Amino acid sequence: ARRQQGGGLRWCSSLASSTVDHNNDGRQSHHQKAAAAHLFTKRHFGISRHPDPLAKHGSINAIDDDDDIADSGVAARVTADDLEYGEIGEANAMSRQMKAMSSAWQDGNNDNGDDDDGSDLFDSSDFGRGGDDDGDDDMDEDPADAEFHARQQQIKEELDQRTGRLWTDEWIISEEEWLSNKTWDDIEEWSPKLATRKSLESVKVFEGGVPTLQQLSELDLPPSLSVHPGHGSPKQYATHRKKHIKSRLKMAIQLSIHDDLQKILQMESWSDKQEAVDALFEVIEDRVRGREPVLGKQPEFGAMVENGLEQVLRMVQGRMRGAASKVDDASDDAAEDSDNTDGEKAAANEDSKDDVLNVVGEETAVPVFMDVANVKNAPNSSFLAKSNDSGIPNLIYPLNVHHREGVGRMVEEWELAANKETRRIMMRDATKAIASKIVDATNCCDSSVSDSEKGAARVLVTGKRGVGKTAALAGIVASARVSGHIVVYLPDGDRLRRHGFYIEPCNHRKGLYNLPMIAQEFCEQLLTSHGDDINKMTAAEETMKEFLTNDQIKKVVKKANENEEESEVEMPLTLDKLLNVGSESSSLSSGCYLSVLTTLMNQTEKPFTIVADEFNCYYDHGHYFHMDYDEDVKKAIPLNKISLFKPFMDAMGLYPTIAGNDISRDDAVDSSQAMMKWGSVVAAVSESKAVRRTFTKSLTESANALAGNENPVNVVEVRRFSNVEVQHILYNFEITGIGRLRFDRGTTTLNPEEVEYLRMVSGGTGQHLMDACMIP
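Residues numbered from 1 in each chain as written. Predicted model: local features only at pLDDT ≥ 70, side-chain atom pairs only at ≥ 80, totals over all residues. Heavy atoms only, no water.

Q: I'd love a proper account of the overall build of the protein chain, names of residues and values included.
A: The number of helices and strands found in the protein chain is 28 helices and 14 strands. Across the 776 residues of the protein chain, 42% fall into the buried class. Restricting to contacts in the protein chain with at least 6 residues of sequence separation, those with at least 24 account for 72%. (Helix = DSSP H or I, 4+ residues; strand = E, 2+ residues; numbered from the N terminus. Buried < 20%, exposed > 50% of the residue type's maximum accessible area, 1.4 Å probe, protein only. Contact = heavy atoms within 4.5 Å.)

Q: Just give me the short version of the environment of Leu 750, but keep the residues and values in it.
A: Structurally, the position occupied by Leu 750 is in the loop between helix 26 (723–736) and helix 27 (752–762). Considered as a pair, Leu 750 and Gln 727 are 23 residues apart in the sequence and their alpha carbons are 9.7 Å apart. Those residues within four positions of Leu 750 in sequence are excluded, and the remaining contacts are Thr 196 and Lys 198.

Q: How would you sum up the pairing of strand 4 (residues 368–371)? Please name residues and give values.
A: Remark: a regular strand shows side chains that alternate across the two faces of the sheet. Judged by which residues are buried, strand 4 turns out to be covered on both faces: Val 368 and Met 370 on one side and Phe 369 and Asp 371 on the other are all buried. In the sheet, strand 3 (residues 204–205) pairs with strand 4 via two bridges, with the strands oriented parallel. Bridged to Val 205 within strand 4 is Phe 369. Taken together, the four bridges between strand 4 and strand 5 (residues 424–427) define a ladder with antiparallel strand orientation. Within the sheet, the bridge partner assigned to Phe 369 lies in strand 5 and is Met 426. (Pairing = 2+ DSSP bridges.)

Q: With reference to specific residues and values, describe a negative patch on the surface.
A: On the surface, Asp 272, Glu 275, Asp 278, Glu 282 and Glu 306 cluster together into a patch of negative charge. Relative to the assigned elements, Asp 278 resides in helix 11 (residues 270–291). (Patch = residues over 30% accessible without salt bridge, like charges linked within 9 Å, V, L, I, M, F, W, Y side chains within 5 Å. Areas by Shrake-Rupley, 256 points an atom, 1.4 Å probe, with all protein chains shown as cover. Salt bridge = Lys/Arg side-chain N within 4 Å of Asp/Glu carboxyl O. Lys, Arg positive; Asp, Glu negative; His and termini not counted. Charge placed at Lys NZ, Arg CZ, Asp CG, Glu CD.)

Q: How would you sum up the environment of Gly 679? Please name residues and give values.
A: Assignment of secondary structure puts Gly 679 in strand 13 (residues 679–684). Note: C-alpha distance between Gly 679 and Phe 608 (71 residues apart in sequence) is 4.5 Å.

Q: Pulling in residues and values, what's your account of the sheet that holds strand 3?
A: Judged by pairing direction, the sheet is mixed, and its three strands sit side by side in the order 3-4-5 without closing on themselves. Bordering the open sheet on either side are strand 3 and strand 5, each of which pairs with just one other strand.

Q: Provide a residue-level description of the confidence of the model for the protein chain, including the pertinent values.
A: The pLDDT averaged across the protein chain works out to 79; a share of 74% of its residues lies at or above 70. Counting interchain partners and residues more than four positions distant, the pLDDT-below-50 stretch residues 1–75 has 87 contacts. This stretch, residues 107–133, has a pLDDT under 50; its non-local contacts, to residues over four places away or in other chains, come to 31 contacts. (pLDDT = per-residue confidence, 0-100.)

Q: Pulling in residues and values, what's your account of the nonpolar core?
A: Core analysis: the largest hydrophobic core is formed by 64 residues, its most contacted members being Phe 615, Tyr 618, Phe 645 and Leu 654. Counting residues per element, this core draws most heavily on helix 22 (residues 586–601), at seven residues. When sequence neighbours within four positions are dropped, the list of residues in contact with Tyr 618 reads Leu 490, Gly 493, Leu 496, Leu 639, Phe 645, Phe 648, Met 649 and Ile 663. Among the nonpolar cores identified, the runner-up in size contains 44 residues, and Leu 221, Met 370, Leu 399 and Val 682 belong to it. (Core = buried A, V, L, I, M, F, W, Y, C linked by side-chain atoms within 4.5 Å.)

Q: Please give an account of the sheet that holds strand 7 (residues 486–490) that cites residues and values.
A: Through backbone hydrogen bonds, the strands of a sheet pair up, either in parallel or in antiparallel fashion. An order of 7-12-13-6-14 is seen for the five strands of this open sheet, with the pairing classed as parallel. Whereas interior strands pair on both sides, the edge strands pair on one side only; in this sheet they are strand 7 and strand 14 (713–718). Sheet twist, expressed as the mean angle between neighbouring strand axes with direction ignored, is 15 degrees. Taken together, the five bridges between strand 7 and strand 12 (residues 608–612) define a ladder with parallel strand orientation. Paired with Tyr 489 across the two strands is Val 611, which belongs to strand 12. In the packing of helix 25 (residues 693–705) onto the sheet, the strands contacted are strand 6 (456–463) and strand 14, and the crossing angle to strand 6 comes to about 140 degrees. (Axes fitted to C-alpha atoms, helices over the stretch in contact; angles between N-to-C directions.)

Q: Lay out the side chain of Ser 671 with the relevant residues and their values.
A: Note that Ser 671 resides in helix 24 (residues 671–674). In this structure Ser 671 touches Arg 458, Asp 650, Ala 651 and Gly 653, once residues within four positions along its chain are discounted.

Q: Could you give an account of the packing of aromatic side chains, naming the residues involved and the relevant values?
A: Here a ring pair, both rings aromatic, is described through the centre-centre distance and the interplanar angle of the planes. Throughout the structure, instances matching the rule amount to nine aromatic pairs. Arranged with centres 6.4 Å apart and planes meeting at 50 degrees, the rings of Phe 615 and Phe 648 form a pair that is tilted. Of this pair, Phe 615 sits in the loop between strand 12 and helix 23 (646–652) while Phe 648 sits in helix 23, placing them 33 residues apart in sequence. Of the residues examined, Phe 615 reaches a relative accessible area of 0% and is grouped as buried. Judged by relative accessible area, Phe 648 falls into the buried class, the value being 3%. Grouped by ring-pair contacts, the aromatic residues Phe 615, Tyr 618, Tyr 619, Phe 645 and Phe 648 constitute a single cluster. In this arrangement the basic side chain of Lys 454 is found over the ring face of Trp 678, its NZ or CZ atom lying 4.0 Å from the centre. (Phe/Tyr/Trp six-rings, centres within 6.5 Å; stacked < 30°, edge-to-face > 60°. Lys NZ or Arg CZ within 6 Å of the ring centre and 35° of its normal.)

Here you go:
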């Protein structure tokens, strides 16, 4: 309904104007207003006719423009319509818009005196100006509008200046690029010169290419990221977090007081020093809060800062005492040495002073890479010093990309790299821990060690998917071979437990089964990688009789010596000849391989190491069936009853107790007797294969239960990459030319925001980090 009042137009509710009944006091009935509110509510927020869900029924939505609420005793409430149409608050945008419209439609100021015909409604001189004759423009921008638009423009300019993720679109193709005639051949070739100086100076590669186990155990490497609290170790993460907070506070305190300490140390009076220290305690909290504003919100921040300052001052005092004693010793030595000049004494005193004032701490450790393609102290084997056709160094043979199933993602990184001259593996704290366990238990790096001091180590490597377990094992294999170990490397346990072609009973050993094709493959791999190391070792005839019948032994000897007459048989046979026979004959492969393996585990001439990746796959449900084990051929043969897998599974001595697991102690050899006399067994679980998680968890728990035994199982967890490790991995990606870092010339590695983004999206996981570097 439209009506005129005071020369202007007003809008009101037709229902309210037609149904309002006034009482004696001239006020609308409360019940009538409530009923009108329920039937026809006002429009809220300008987008819907439904009532505001937060608004109460009654007078808040039922008071009309004509209602006199001044005498009703009810406080006026604000609705969305009031805010939008300016019934209260005259400065909002909708109120100004409605006023402008009403000014254009009103005819109270027309000169012709006609209030109803609206003849001058669309007159160009009056339309939009309310019919005024003064020539002033009533539609000029309001000061509030001008301020609002200025603020909007300021925000837009500030947003346009932002760069990085979510602010710049790297996929935008400019018009020049669309019109260019560039082809694939016009793209520049990658070269090592494209790497930035920062990356080349930051990445540290081991000088000899690959360190020995002893050298690896002594490297100074940064710690990995702490265990995630959601992975079942919240207490461990809480302890790490507390240490991290204390470390940051200590660093902030040291940086805040460095200049003051220089002045305090130059003071001679003890009272002056005490006053300076007291003044330092008064201002240290504000200084540290300025450096660490987030930590400054801790409830006990003041006490933490004071305790930290006291510890720093005590550390400086201790260093001063130590430096003084060193200066005295240097003075005594200088008095005896007449060649020591006064300048050298002053330099020595200055160095001592610098050591005292250097309260910031030592330089943090950085990751170190090994280069398995450029080994200076390569083993004697000519094969291990080369690479295969795919560019994979033979030092970690037989690790390779299977034609159907890849092994981890480490090899994929090398295939994607533009630099084919280097093959790098980052040495981390987990790799160092594995090497330390082997060195401490076996004394394998001491040439003068006696037989009584030689021992064996058992290590189980755990960790989440993609954190670098395969890379850690590959690094251990390379380091062990450089150290002179004979290494049996089984990188693909998931393939071995399923794709053995066929299985047959072992006639010589009741209850065991052979995989002839897999045994033939094992013989070839060991002969290829370590044929030069075992060509002087011999297998005793008693050892061969444990796995071969007399007829089989005769066939082996005949094939090995290539003699027609048995009278010319040469016994005992060397291990390389046994492996050669096993690699050529599937019927003799299992017996030959087990004879060689048993000989290596019982000798003390050279350390012998078995490295098995995807070890938890051997504890899952089997994929080999035979009616000799189950007449109905429904039950799978447990893998510890297969002759090839039994030696190292018995040596590890892990038997999970979870329901459904088929691996048991039945017919198993005790681990103390199954272990090699000199060497180690290193096994790693896999989180990327189809193995029940409960089996993997139970396997880890059984290993932890044996950690306190006389012959313990050492559990080493590979954790996620820390910030410094992520940064150095990106440096290495740029140097080797991987993904989009190949041509970006430091755009990624020199941008802290981009590095933090990649660390965030990858979660500190190696696989995800490489995937994130493939595309912008």
